[in-house]
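Here's the letter readout for the chains.
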Amino acid sequence: MLFGRKHKNPIKIADKGVVEWKYATCGYCSTGCSIEVGLNDEGVPVASRGVADADVNRGKLCVKGIFEHELFRKTAGRGSVPLMRKSYEDEFDEATWKQALDHTADEIKRIQEKYGCNSFSIISTGQIMTEEFYTLGKLARGVIGTNNYDGNTTLCMSSAVSGYKRSFGSDGPPGCYEDFDHTECLLAFGSNLPEQHPIIYWRLMQTLEKRSFPIIVVDPRVTMFAQKADIHLAITPGTDLVLLNSLAHVILDEGLADDAYIQAHTEGYEEFSRLLKEYDPESASKTCGIDAETIRKVARMYAKAGAAMTIWTMGINQSTHGSDGVCAINNLNLITGNIGKPGGSSLSITGQCNAMGTREWSSCSGLPGYRALESDEDRSEIAEFWGIDAEFFPNKRGMFMTDILPAIETGEIRGLWLIATNPMTSMANTDLMRKLLSSLEFLVVQDAYRDVETNQYSHVYLPAAVWAEKEGCFTNTERRVNLIRNVCKPHGDSKTDLDIFNEMARRFEQGNKVNFPETAEAVFDELKQLSKGRMLDYSGMSYDKIEQNRGMQWPCNTESAPGGSQRLYTDGVFQYPGGKAKLLALPFFDDNERPCEDYPFWLNSGRVVEHFHTRTRTGKVGNANKFSPTPYMEINPRAAENLGIKHGSYAKLTSRRGDAIVMVQCTERTAVDSVFIPFHYHECVNRISLGLLDPHSRQPAYKQCAVNIELIEDQRAAAQANVEARSY
Ligand SMILES: Nc1nc2c(c(=O)[nH]1)N[C@H]1C(S)=C(S)[C@@H](COP(=O)(O)OP(=O)(O)OC[C@H]3O[C@@H](n4cnc5c(=O)[nH]c(N)nc54)[C@H](O)[C@@H]3O)O[C@H]1N2
Ligand SMILES: Nc1nc2c(c(=O)[nH]1)N[C@H]1C(S)=C(S)[C@@H](COP(=O)(O)OP(=O)(O)OC[C@H]3O[C@@H](n4cnc5c(=O)[nH]c(N)nc54)[C@H](O)[C@@H]3O)O[C@H]1N2
Ligand code: SF4
Ligand SMILES: [Mo]
């Protein structure tokens, strides 16, 4: 047999007939890759490519980005006209935009008049443009006037937001990808970077080719990242806080802390160090499952490195101690002086393409530009800018998404507007979600796809344009604002989210007093004015400059470096009055549902590289869907053998909430007492997940609960049930 390139056919790159490339930013994850979409001579998008001179991705794209142009042509399930019906049990009728918007506005007014302003709720997303977020915020807070307005970022980033605020006095990730080039030690908590942020991982690998430094991955599962790590800490689920406290214990105990930094830039040391005494490695190891010597070793490596950084994702955020976990990471970096310096950072790896944009500008948790509803000054400033009465704003934020949905059951919430989020599949406890959404007096779903599961219960469906059918900005993990140029026109008669918000505003009396600019660029100019002089200063940016620089990092004024600022807190001055960061004493309480006799396995859930979330998009793109079209579970071969379950067969999982059928994949990636299921499939893991809430961030602990696993006798029926569970 012959091997080697010499004997193979040369690789041929198909000529797609591209005559023009248009600049955009990828619409899936928060890495923020610059992408170009190629149009043929008929103006049809036929190819995608990474932008070579973009600092983020340097010409690369992952498996999702490289097929992104297919979104425009794979239109199965896309919404092309508005739909309406009296009850979710009826069939939909097609409607004009005027009918659908008039009816929606009437229902909002009716519900607000009858039950009070806050009984109508709005839940949005991390996946529309910043300009759209800002406009929606203006509409929700300044015109409709409901305080029960939040986003799906509560399922995703709210622990990071809350943790940053508690430690530093403000949200805002302080570091950047370039920190990899300077760091001497990288600690990663609950992040599967190679699959979920493939291009950030590739940046890391590029650095490692030139210079070696230790990578320590903390994850109960042997992920691709764990396999690449120098040290993998297979932690007991839900106990990261204990490990973090213990690392800090060793650093203080062995005199490895940066005392000068602590003295100059932090407060709260006394109480913090007092609590840490309880977290000696021997005691901690009993809870977190990492042996004492390893804890000491990692603590020493981290503290002795010239610069060390921590990254984390959902393994920390989606936990009953998510916010505390983030603060503990910040504690670790404050006591070692690793904030705001090259290679020294607490860098939360963000989730959705514009999860940052919503934090900055949507007004979900406050007012635009990291302003707070709780501040008299901020309320007056925004009221004056929008031309409304400051009294119109509440002086405290309302409910989080995870409290809004249960409040349907108590009658506190009567009507709901869902924008680009699919809680029927993404929230824990599917049965409860079905009951809640089906009992609303009025549900309006605004989504690019009409086959999105939440639409089963809507009264009105508003078809939205997707990604580069629109124009606007996304902010990525490293605070880089990047641009999406309009590549092609919206599908069918769908409208951009910006147009939908603007049209809705006109249907309210107050909406005609407030200015709602029509183009994304004009909205950008408006929010830019509001950013001037603030931490998230955009004032040095413009669409053209953003495109030229392939994204610009805030803070960015006219005097900043060409691409903006790489890091925050370089001067050690934090956002709390007085400028000091807080070292927080964070006791650990074990409040998870744990495996027991009836439900002997830990259930962990997350993602795989080829799919994005609830698959409304990647489920339609053949090159993404073909890798894992079927709901499946990773289980350790020894556990499977004990249960008499074979690789490739179907098994039934049961929890206190419900049951689910999955295909069995035997792999050593999971420990004998735990299983892992990707959450991308409807009627799957969230039928059984629990999602206890973090007390500070109200984020669900999707990653921990207890389940039982059974062999299914009738495999044929199970296969059928499994097929039915995939809606595409
Ligand atoms: N391909 C793809 N990429 C994506 C997405 C997608 O859907 N598909 N979604 C984007 C979004 S919105 C997000 S939020 C990110 C999520 O990105 P990640 O957080 O990296 O992805 P997950 O798979 O949800 O979870 C990460 C890891 O947390 C681990 N974990 C579970 N319990 C614990 C624990 O107690 N402690 C620790 N330390 N770890 C634990 C899991 O085993 C898992 O490997 O990905 C983004 N990128
Ligand atoms: N068990 C378990 N559950 C989880 C998680 C987990 O790890 N485990 N992770 C959680 C996390 S981190 C997240 S972020 C959530 C995600 O949960 P969701 O936000 O519910 O999931 P998506 O499928 O991304 O939903 C986004 C919707 O927006 C639509 N859309 C896309 N672009 C546009 C647009 O431009 N305009 C409009 N109007 N619509 C658009 C899509 O078609 C899709 O229906 O899931 C959470 N749920
Ligand atoms: S890494 Fe994220 S932003 Fe980059 S191409 Fe892949 S999905 Fe898109
Ligand atoms: Mo997320």
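Parameters at a glance
Residues numbered from 1 in each chain as written. Chains lettered and ligands numbered in written order. Predicted model: local features only at pLDDT ≥ 70, side-chain atom pairs only at ≥ 80, totals over all residues. Heavy atoms only, no water. Helix = DSSP H or I, 4+ residues; strand = E, 2+ residues; numbered from the N terminus. Rg over C-alpha atoms; globule rule 2.2 N^0.38 Å. Buried < 20%, exposed > 50% of the residue type's maximum accessible area, 1.4 Å probe, protein only. Patch = residues over 30% accessible without salt bridge, like charges linked within 9 Å, V, L, I, M, F, W, Y side chains within 5 Å. Areas by Shrake-Rupley, 256 points an atom, 1.4 Å probe, with all protein chains shown as cover. Salt bridge = Lys/Arg side-chain N within 4 Å of Asp/Glu carboxyl O. Lys, Arg positive; Asp, Glu negative; His and termini not counted. Charge placed at Lys NZ, Arg CZ, Asp CG, Glu CD. Pairing = 2+ DSSP bridges. Near = heavy atom within 4 Å. Nonpolar A, V, L, I, M, F, W, Y, C, P; charged D, E, K, R; others polar. Axes fitted to C-alpha atoms, helices over the stretch in contact; angles between N-to-C directions. Domains from an automatic or database assignment. Contact = heavy atoms within 4.5 Å. Buried area = accessible area lost by both parts, 1.4 Å probe. Polar contact = N/O pair within 3.5 Å; in protein donor to acceptor, adjacent residues only side chain to side chain. Parallel < 35°, antiparallel > 145°, perpendicular 65-115°, else oblique. Phe/Tyr/Trp six-rings, centres within 6.5 Å; stacked < 30°, edge-to-face > 60°. Lys NZ or Arg CZ within 6 Å of the ring centre and 35° of its normal. Core = buried A, V, L, I, M, F, W, Y, C linked by side-chain atoms within 4.5 Å.

### Section: the overall build of the chain
Next, step 1: The helix and strand inventory of the chain stands at 27 helices and 26 strands.
Next, step 2: At 25 Å, the chain has a C-alpha radius of gyration in line with the 27 Å of a compact globule built from 728 residues.
Next, step 3: Based on the C-alpha atoms only, the size of the chain along its principal axes is roughly 70 × 65 × 65 Å.
Next, step 4: Here the chain holds 728 residues, and the buried ones make up 64% of them.

### Brief notes about a negative patch on the surface
Next, step 1: The grouping of Glu 89, Asp 90, Glu 91, Asp 93 and Glu 94 at the surface amounts to a negative patch.
Next, step 2: Mapped onto the secondary structure, Glu 89 falls in the loop between strand E4 (83-84) and strand E5 (93-94).

### Structural notes on the pairing of strand E3 (residues 45-50)
Next, step 1: Summarising burial for E3: five of the six residues are buried, a large majority.
Next, step 2: With antiparallel pairing between neighbouring strands as the criterion, strand E2 (residues 34-40) and E3 make up a hairpin whose turn holds four residues, including Gly 43 at a positive phi of roughly 80°.

### A closer look at the site of ligand 3
Next, step 1: Around ligand 3, a shell composed of Cys 26, Tyr 28, Cys 29, Thr 31, Gly 32, Cys 33, Leu 61, Cys 62, Lys 64, Gly 65, Pro 198 and Ile 199 is seen.
Next, step 2: Classifying every residue of the shell around ligand 3 by side-chain character gives eight nonpolar, three polar and one charged.

### What about the sheet that holds strand E26 (residues 705-711)?
Next, step 1: Sheet architecture is closed into a barrel: six strands sit in the order E21-E25-E22-E24-E23-E26, paired in mixed fashion. Taken pair by pair, the neighbouring strands of this sheet meet at an average axis angle of 45°, ignoring direction.

### Things to note about the domain arrangement of the chain
Next, step 1: Annotation of the chain at the domain level lists domain 1 (20-72), domain 2 (83-156 + 354-553), domain 3 (159-349) and domain 4 (601-692 + 700-726).
Next, step 2: For domain 1 versus domain 3, the separation of C-alpha centres amounts to 33 Å.
Next, step 3: Across the boundary between the two partners, domain 1 contributes twelve residues, which contact ten residues of domain 3.
Next, step 4: For the pair domain 1 and domain 3, the summed buried area comes to about 910 Å², and 59% of that belongs to carbon and sulfur atoms.

### Considering the side chain of Arg 485
Next, step 1: Position of Arg 485 among the secondary structure elements: in the loop between strand E18 (480-484) and helix H21 (497-505).
Next, step 2: Within the structure, Arg 485 has its side chain in polar contact with the side chain of Asp 544 (distance 3.0 Å).
Next, step 3: Excluding residues within four positions of it along the chain, Arg 485 makes contact with Tyr 23, Ala 24, Ala 468, Lys 470, Glu 471, Tyr 543, Asp 544 and Glu 547.

### Considering the environment of Lys 64
Next, step 1: For Lys 64, the location among the structural elements is in the loop between E3 and helix H1 (70-73).
Next, step 2: Put simply, Lys 64 and Leu 136 are 72 residues apart on the chain and 28 Å apart in space, counted from C-alpha to C-alpha.
Next, step 3: Setting aside residues up to four positions removed in sequence, Lys 64 forms contacts with Tyr 28, Glu 195, Val 609, Glu 610, His 611, Phe 612 and Thr 618.
Next, step 4: Here Val 609 takes part through its backbone oxygen, which lies 2.9 Å from a polar atom of the side chain of Lys 64.

### Structural notes on the environment of Pro 198
Next, step 1: As for its position among the elements, Pro 198 is in helix H6 (residues 198-210).
Next, step 2: Taking the relative accessible area as the measure of exposure, Pro 198 reaches 13% and is therefore buried.
Next, step 3: Each C-alpha atom, one on Pro 198 and one on Asn 57, is 9.9 Å from the other, the two residues being 141 residues apart in sequence.
Next, step 4: Aside from chain neighbours lying at most four places away, what touches Pro 198 is Cys 62, Leu 193 and Val 609.

### Some points on the packing of helix H3 (residues 130-144) against helix H22 (residues 520-531)
Next, step 1: Viewed as axis vectors pointing N to C, H3 and H22 meet at an angle of 70°, and their least axial separation amounts to 9 Å. Taken as axis vectors, H3 and H22 run roughly perpendicular relative to one another. Where H3 approaches H22, its residues Thr 130, Glu 131, Tyr 134, Thr 135 and Lys 138 are matched on the opposing element by Ala 520, Val 523, Phe 524, Glu 526, Leu 527 and Leu 530.
Next, step 2: Per-class residue counts for the contact of H3 with H22 are six nonpolar, two polar and three charged.

### Structural notes on the packing of helix H8 (residues 240-253) against helix H10 (residues 269-276)
Each packed pair of helices is defined by two parameters, the angle between the axes and the distance between the axes.
Next, step 1: Contact geometry for H8 and H10: axes closest at 9 Å, N-to-C directions at 105°. It follows that H8 is roughly perpendicular to H10 by the angle criterion. Along the contact surface, H8 presents Asn 245, Ala 248, His 249 and Leu 252, while H10 presents Tyr 269, Phe 272, Ser 273, Leu 275 and Leu 276.
Next, step 2: Per-class residue counts for the contact of H8 with H10 are six nonpolar, three polar and no charged.

### Some points on the site of ligand 2
Next, step 1: Of all residues adjacent to ligand 2, which total 35 residues, the nearest are Asn 152, Asn 422, Ser 426, Asp 447 and Thr 614.
Next, step 2: Note that an oxygen atom of ligand 2 is positioned 2.7 Å from one of the side-chain N or O atoms of Gln 127.
Next, step 3: In the model, an oxygen atom of ligand 2 is placed 2.8 Å from a nitrogen or oxygen of the His 613 side chain.
Next, step 4: Surface burial for ligand 2 is 99%, taken as the share of its 920 Å² of free accessible area covered by protein chains.
Next, step 5: Of all the secondary structure elements, the ones that give two or more residues to the shell around ligand 2 are strand E15 (442-447), strand E21 (601-606) and helix H26 (685-688).
Next, step 6: A breakdown of the residues in the shell around ligand 2 according to their chemical character gives 16 nonpolar, 14 polar and five charged.
Next, step 7: In this structure, the shell around ligand 2 is formed jointly by two domains, domain 2 (83-156 + 354-553) and domain 4 (601-692 + 700-726), each of which donates at least three residues.

### Structural notes on the packing of aromatic side chains
Think of a pair of aromatic rings as described by two things: how far the centres are apart, and how the planes are tilted against each other in angle.
Next, step 1: Tallied over the entire structure, the rule returns 18 aromatic pairs.
Next, step 2: Ring centres of Tyr 28 and Phe 612 lie 5.4 Å apart, and the angle between their planes is 55°; this geometry places the pair in the tilted category. Taken together, the positions of Tyr 28 in the loop between strand E1 (18-25) and E2 and Phe 612 in the loop between E21 and helix H24 (622-625) put the pair 584 residues apart, joining distant regions of the chain. Comparing Tyr 28 with Phe 612, the two get one shared label, buried.
Next, step 3: When the ring of Trp 417 is compared with that of Phe 501, the centres are 6.0 Å apart and the planes differ by 65°; the resulting orientation is edge-to-face. You can see Trp 417 sitting in strand E14 (residues 415-419) and its partner Phe 501 sitting in helix H21, a full 84 residues away along the chain.
Next, step 4: Among the aromatic residues, those joined into a ring-pair cluster are Tyr 134, Trp 361, Trp 386, Phe 393, Phe 524, Tyr 538 and Tyr 543.
Next, step 5: The lysine or arginine in question, Arg 78, covers the ring of Tyr 449, its NZ or CZ lying 5.7 Å from the ring centre.

### Remarks on the pairing of E21
Next, step 1: Across the six residues that make up E21, a large majority, six, are buried.
Next, step 2: Alternating positions in E21 separate into two faces, Phe 601, Leu 603 and Ser 605 on one and Trp 602, Asn 604 and Gly 606 on the other, with burial throughout.
Next, step 3: Relative to E26, E21 runs antiparallel, the two sharing three bridges. The partner of Phe 601 across the bridge, within E26, is Val 707.

### Section: the nonpolar core
Next, step 1: The biggest cluster of nonpolar side chains holds 124 residues, and the ones touching the most others in it are Trp 417 and Trp 554.
Next, step 2: Looking at this core element by element, the count peaks at eight residues for H8.
Next, step 3: Membership of the second largest hydrophobic core comes to 25 residues, among which are Leu 405, Ile 408, Ala 428 and Tyr 461.

### A few points about the environment of Ala 257
Next, step 1: Topologically, Ala 257 is positioned in the loop between H8 and helix H9 (259-265).
Next, step 2: Classification of Ala 257 by relative accessible area gives buried; the value is 15%.
Next, step 3: The spatial distance from the C-alpha of Ala 257 to the C-alpha of Gly 357 is 35 Å, given a sequence separation of 100 residues.
Next, step 4: Apart from the residues within four sequence positions on either side, Ala 257 is in contact with Ile 251, Leu 252, Ile 262 and Ile 335.

### Quick look at unusual backbone geometry
Most peptide bonds are trans, and most residues other than glycine sit at a negative phi.
Next, step 1: The omega angle of the peptide bond from Trp 554 to Pro 555 is 0°, so this bond is cis rather than trans.
Next, step 2: The residue Ser 363 is not glycine, and still its phi comes out positive at about 70°.
Next, step 3: Checked against the element boundaries, Ser 363 lands in the loop between helix H15 (355-361) and helix H16 (376-386).
Next, step 4: At Tyr 370, a position not held by glycine, the phi torsion is positive, near 60°.
Next, step 5: Along the chain, Tyr 370 turns up in the loop between H15 and H16.

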